[in-house]
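Analysis of the macromolecular model
Read off the chains here:
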Amino acid sequence: MTAASDAPAPVIAIDGPAASGKGTIAYEVAQALDFHYLDSGSLYRLIALRAIERGIALDDGATLAGLTGDLEVSFANGRAMLDGRDVADALRTEAVSAAASRIAVHAEVRSALIDRQRAFRRPPGLVAEGRDMGTVVFPDAGLKLFLTASAEQRAARRHKQLIAKGISVTIDGLLRDIRERDARDSTRAAAPLAAAPDAVILDTTDLSIAEVTAAVLAHYRERTGAR
Ligand code: CDP
């Protein structure tokens, strides 16, 4: 066996605040490279949904961490399935977004999810997106990106996305929610939202999805010499 085949699969870590485009970009980059894709936020959203359904207090870190053990999650045609039912739309509601950010402050919940996230790292490679991919979950990622955009632009993007799904929301409400989540995600003690010191920071406010995807792929090719 050669040394190269013993090396862990490459990881591209993409972090950033709410609605910065991480999800779409990570998915596109994974498709382009034929890599696996991890949407780590969906794990926090799944626990949030389950907590809401079971009436568990969002400040009860130990009980919430216990929920991670029996989370039977699968993906069918890109839709998240929890215990065999399609929860893709339920996960994107603003109630679940806000609850996800509240449960994500608990160190117990975060550490209960670490191995589950690392298990997504398989050949030929992984594109992982979230808040702490480059800082905590995959600190040895070969490429780390931190995507930003103005809060107004992010609220407009999320509005377009939710309206297209038939979910009724206002831009003002989304802007308020995004600012609240940004503040909570950045100031929490456990794995706060922050760019890793070695991350490439990309302001996407005036860039299209295609432009950001091309920029990420160019950085990756530059790092790896891949074509
Ligand atoms: O798509 P959006 O950025 O709005 O949210 P998301 O990535 O699905 O994440 C939902 C919430 O989960 C965030 O507000 C964070 O509080 C939390 N999260 C986290 O703490 N760490 C991660 N790696 C991913 C998400």
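The coordinates are above.
Let me begin by describing the structure that accompanies this report. Residues take numbers from 1 onward in each chain, read along the sequence in its written order. Two thresholds apply to this predicted model, a pLDDT of at least 70 for residue-level local features and 80 or more for giving and counting side-chain atom pairs, whereas whole-chain, interface and lining totals are computed over all residues. Note that the side-chain values use all heavy atoms of the structure and ignore hydrogens as well as water.

What to know about the sheet that holds strand β1 (residues 11-15)
Strand order in the open sheet made by the 5 strands is β2-β6-β1-β7-β8, with parallel pairing throughout. Only two strands of the sheet have a single partner each, and these edge strands are β2 (36-39) and β8 (200-203). For this sheet, the mean angle separating the axes of adjacent strands, direction not counted, is 20 degrees. In what follows, a contact means two residues having at least one pair of non-hydrogen atoms within 4.5 Å. Whenever a helix is involved, its axis is fitted only over the stretch in contact; in every case the axis is a line through C-alpha atoms, and angles between N-to-C directions fall within 0 to 180 degrees. We count a stretch as a helix when DSSP gives it H or I for four or more residues in a row; a strand needs E for two or more, and each element gets its number in order from the N terminus. Sitting on the sheet, helix α3 (residues 40-54) is in contact with β2 and β6 (126-130), with an inclination near 40 degrees to β2. Taken strand by strand, helix α11 (residues 209-224) contacts β1, β7 (143-148) and β8, and its axis lies near 160 degrees from that of β7. When DSSP finds at least two bridges between two strands, those strands are taken to pair.

Describing the site of the ligand
Every one of the 20 residues lining the ligand counts as a neighbour, but Lys22, Arg45, Arg110, Arg158 and Asp185 are closest to it. N or O atoms within 3.5 Å of each other form a polar contact, as long as, within protein, one can give a hydrogen and the other can take it, and as long as residues adjacent in sequence are counted only when both atoms are side-chain atoms. Here an oxygen atom of the ligand sits 2.9 Å away from a polar atom, N or O, in the side chain of Arg188. To measure how exposed things are, a 1.4 Å probe is used in the Shrake-Rupley method; for residues, cover is taken only from the protein chains shown. Notes on the ligand: free accessible area 530 Å², of which the protein chains cover 97%. Mapped onto the shell around the ligand, the elements with two or more residues apiece are α3, α6 (94-103) and α10 (171-187). Examining the composition of the shell around the ligand, we find that 4 residues originate from one element, α3, more than from any other. We define proximity as follows: a residue is near a molecule or strand when any one of its heavy atoms falls within 4 Å of that partner.

Here we look at the packing of helix α9 (residues 151-164) against α10
As a packed pair, α9 and α10 sit with axes 9 Å apart at the nearest point and diverge in direction by 120 degrees. When the axis of α9 is compared with that of α10, the two are oblique. The handedness of the crossing between α9 and α10 comes out as right-handed. In contact with Ala151, Glu152, Arg154, Ala155, Ala156, Arg158, His159 and Leu162 of α9, α10 contributes Ile171, Leu174, Leu175, Ile178, Arg179, Arg181 and Asp182. We call two directions roughly parallel when the angle between them is under 35 degrees, roughly antiparallel when it is over 145, roughly perpendicular when it lies between 65 and 115, and oblique otherwise. A clockwise turn of the near helix away from the far one marks a right-handed crossing, whereas an anticlockwise turn of less than a right angle marks a left-handed crossing.

Comments concerning the side chain of Gln117
Counting through the fold element by element, Gln117 comes out in helix α7 (residues 107-118). Residues within four places of Gln117 in sequence aside, it is in contact with Leu38, Ser40, Leu43, Tyr44, Met133, Val137 and Phe138.

Section: the packing of aromatic side chains
Put simply, two rings from Phe, Tyr or Trp (the six-membered ring, in Trp's case) pair if the centres are within 6.5 Å, and we call them stacked under 30 degrees between planes, edge-to-face over 60, tilted for the rest. Scanning the model with the defined rule gives 2 aromatic pairs in all. Here Tyr27 and Tyr37 contribute two aromatic rings whose centre-to-centre distance is 5.7 Å and whose plane-to-plane angle is 75 degrees, an arrangement assigned as edge-to-face. You can see Tyr27 sitting in helix α2 (residues 22-33) and its partner Tyr37 sitting in strand β2, a full 10 residues away along the chain. Categorising residues by exposure relies on relative accessible area from a 1.4 Å probe, with only protein chains included: less than 20% of the type maximum marks a residue as buried, more than 50% marks it as exposed, and the intermediate range marks it as partly exposed. Of the residues examined, Tyr27 reaches a relative accessible area of 41% and is grouped as partly exposed. Measuring from ring centre to ring centre gives 6.0 Å for Phe35 and Tyr220, while their planes differ by 85 degrees; the resulting arrangement is edge-to-face. You can see Phe35 sitting in the loop between α2 and β2 and its partner Tyr220 sitting in helix α11, a full 185 residues away along the chain.

Looking at the nonpolar core
Each nonpolar core is a collection of buried residues, namely Ala, Val, Leu, Ile, Met, Phe, Trp, Tyr and Cys, held together in the definition by side-chain atoms within 4.5 Å. In this structure, Leu46, Ile47, Leu64, Val87 and Val109 are the most contacted members of the largest nonpolar core, which totals 24 residues. Residue assignment for this core shows that the elements contributing at least two residues are α3, α4 (61-67), β4 (79-82), α6 and α7. No other element matches α3, which puts 7 residues into this core. Leaving out residues up to four positions away in the same chain, Leu64 has contacts with Ile47, Ala51, Ile56, Ala57, Leu58, Ile103, His106 and Val109. Core analysis: the next-biggest nonpolar cluster, separate from the first, contains 18 residues, Val29, Ala30, Val127 and Leu143 among them.

In short, geometric facts, not functional conclusions.
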